[in-house]
Amino acid sequence: MSGITHEEQGHRGAFFIEREGTRVAVMTYSRTSPTLVIIDHTEVSAELGGQGIAHQLLEHAVGWARETDTKLLATCPFATKQFAKDPEKFRDVMA
């Protein structure tokens, strides 16, 4: 699935998929400095469960972090687990 949108307003941001005006998958973050964000929540609707959507959101966030020289820190259980599971894959963007 594609169609991931990124938005940032003030110190809050999100990567999300929207269908018919409703966000059906979202990964949110808080910006703590110009070069650091904390991924704090990931949620995927039941209808999209099991399709790897949360992984796609994380990959999108990591790609964005690489492009913008932003470091990521995770408090979200999903992102924390993924960073711990494959630290070499994410080392360049992890705070």
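Up top you'll find the structure we're talking about.
In this text, all values refer to a predicted model and were calculated from it rather than measured experimentally. Counting restarts for each chain: residues are numbered from 1 in the order of the written sequence. For a predicted model such as this one, the threshold for reporting local features is a pLDDT of at least 70, and the threshold for listing and counting side-chain atom pairs is 80 or more; totals across whole chains, interfaces and linings nevertheless cover every residue. The basis for every side-chain value is the complete set of non-hydrogen atoms in the structure, without hydrogens or water.

(A) Geometry of the overall build of the protein. The secondary structure listing takes helices from DSSP runs of H or I that are at least 4 residues long and strands from runs of E that are at least 2 residues long, numbered from the N terminus. Tallying secondary structure elements over the protein gives three helices and five strands in all. Each helix and strand of the protein, placed in order from N terminus to C terminus, yields the pattern β-β-β-β-α-β-α-α. Seen through its C-alpha atoms, the protein measures out along the principal axes to roughly 35 × 30 × 20 Å. Partitioning the intrachain contacts of the protein with sequence separation of at least 6 by distance along the chain shows that 41% fall at a separation of at least 24. Accessible surface is estimated by sampling points in the Shrake-Rupley manner with a 1.4 Å probe; for residues, cover comes only from the protein chains shown. Put simply, the protein shows about 5400 Å² of open surface, and 51% of that area lies on carbon and sulfur atoms. Of the charged side chains in the protein, 10 are positive and 13 negative; the average position of the first set lies 5 Å away from that of the second. Any pair of residues with heavy atoms lying within 4.5 Å of one another is described as a contacting pair. Positive charges come from Lys and Arg alone, negative charges from Asp and Glu alone, with His and the N- and C-terminal ends not counted. Charged groups are reduced to one reference atom each: NZ for lysine, CZ for arginine, CG for aspartic acid, CD for glutamic acid.

(B) Focus on the side chain of Thr 70. Relative to the elements of secondary structure, Thr 70 occurs in the loop between helix H1 (53–68) and strand E5 (71–74). A polar atom in the side chain of Thr 70 sits 2.8 Å from the side chain of Thr 68. Contact partners of Thr 70, with chain neighbours within four places excluded, come to Arg 31, Thr 35, Leu 36, Val 37, Trp 64, Ala 65 and Val 93. Distance and chemistry together define a polar contact, namely a pair of N or O atoms within 3.5 Å, with one atom able to donate a hydrogen and the other to accept it when in protein, and with adjacent residues in sequence counting only for side-chain atoms on both sides.

(C) Looking closely at the nonpolar core. Think of a nonpolar core as a cluster: buried Ala, Val, Leu, Ile, Met, Phe, Trp, Tyr and Cys residues, connected wherever their side-chain atoms sit within 4.5 Å. Accessible area is worked out with a 1.4 Å probe on protein chains only. A residue is then buried under 20% of its type maximum, exposed over 50%, and partly exposed in between. Residues Phe 15, Ile 39, Leu 58, Trp 64, Leu 72 and Phe 83 are the most contacted members of the largest nonpolar core, which totals 24 residues. The greatest single-element share of this core, amounting to seven residues, is contributed by H1. Excluding its chain neighbours within four sequence positions, the residues that come into contact with Leu 58 are Met 27, Ile 39, Phe 78, Ala 79, Gln 82, Phe 83 and Phe 90.

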